[in-house]
Amino acid sequence: MNKLKIISGILYFAKWVSVAIGIVACAMILSMKGEPMIITSPSIGIADEQLQKSLDDVLNSFEGITLTVEHISAQVPSTYSLQIISAITLILKFGFILWVLQIIINLVDDVKNNKAFRSKNIIRLKQMAWLLILTPVIFSFIKFINLIAITSVYKLPDSLTYRWVDNTNFDSITVGFLIYAIAIAFNEGLQMKKENELTV
């Protein structure tokens, strides 16, 4: 029981630290008027084959080492729309972390109070599972909005082009399905417990 108290304390601490970091980070982003922002998504690719070949020749001038340039990060002046999108992205990320942390805190508290097997915890596990499963979709959509915002404001020369960068993280999807399976197992256990209580 002491271990559960320690775990619960660590989770509460992590929750409020995340809130503080999120607020500070959002304030910093929204105060960056005119300051340069590093853009990693979308990345900038080389559309001109001749330019790509020239760069490859320079990079591959070392014996035994092969280097290539595929994506280039850009530094652009911040605009109000980019600041808003960056702030929304940050809020969603921290909101996701806080939601998951709160679910875990509630589960730990219920285990501590000997209330682990109840329908509310099954709902919590399913919520966490769907959050993890849908995370790549949500952040892909944000990146798509970011792509539209940047391409509409900053035009590139013909030799360069914007490229969609979306490295889907299948780890969160896998963990999400595992947690969903645990939720179903919990539900089965709860139903069996109810049936046993009725037969006694």
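No experiment lies behind these values; they were computed from the predicted model shown.

Draft legend 1. The arrangement of the overall build of the chain in detail. Looking only at helices and strands, one finds five helices and three strands in the chain. Across the chain, helices and strands are ordered from the amino to the carboxyl terminus as α-β-α-β-α-α-β-α. In the chain, which comprises 200 residues, the share counted as buried stands at 30%. The contacts in the chain between residues at least 6 apart in sequence include a share of 83% that link residues at least 24 apart. Carbon together with sulfur atoms contributes 67% to the accessible area of the chain, which is approximately 13100 Å² in total.

Draft legend 2. Expanded view of helix α4 (residues 119-153). Here α4 contains 35 residues, and its C-alpha end-to-end distance of 50 Å stays within 8% of the 51 Å for a straight helix at 1.5 Å per residue. Residue Leu 134 marks the point of greatest curvature in α4, where the axis turns by about 45°; the proline Pro 136 follows within four residues.

Draft legend 3. Structural detail: the pattern of salt bridges. Per the counting criterion, the structure on display carries three salt bridges. Measuring nitrogen to oxygen at the nearest pair gives 3.6 Å for the salt bridge that ties Lys 112 to Asp 109. Linking Lys 112 with Asp 109, this pair stays in helix α3 (residues 80-112), spanning three residues, or about one helical turn. Assessed through its relative accessible area of 21%, Lys 112 is described here as partly exposed. Judged by relative accessible area, Asp 109 falls into the buried class, the value being 16%. Taking the shortest distance from any N to any O, the salt bridge between Asp 110 and Arg 118 comes out at 2.8 Å.

Draft legend 4. Seen up close, a nonpolar patch on the surface. Together, Ile 88, Leu 92, Trp 130, Leu 134, Val 137 and Ile 138 make up an exposed nonpolar region whose accessible area comes to about 530 Å². Secondary-structure elements contributing two or more residues to the nonpolar patch are α3 and α4. Looking at the nonpolar patch element by element, the count peaks at four residues for α4. Locating Ile 138 in the fold gives a position in helix α4.

Draft legend 5. Up close: the environment of Ile 145. Among the secondary structure elements, Ile 145 is positioned in helix α4. The class for Ile 145 is partly exposed, based on a relative accessible area of 33%.

Definitions and cut-offs
- Residues numbered from 1 in each chain as written.
- Predicted model: local features only at pLDDT ≥ 70, side-chain atom pairs only at ≥ 80, totals over all residues.
- Heavy atoms only, no water.
- Helix = DSSP H or I, 4+ residues; strand = E, 2+ residues; numbered from the N terminus.
- Buried < 20%, exposed > 50% of the residue type's maximum accessible area, 1.4 Å probe, protein only.
- Contact = heavy atoms within 4.5 Å.
- Areas by Shrake-Rupley, 256 points an atom, 1.4 Å probe, with all protein chains shown as cover.
- Expected span 1.5 Å × (residues − 1).
- Bend = angle between axes of the 7 residues up to and from the residue.
- Salt bridge = Lys/Arg side-chain N within 4 Å of Asp/Glu carboxyl O.
- Patch = residues over 30% accessible without salt bridge, like charges linked within 9 Å, V, L, I, M, F, W, Y side chains within 5 Å.

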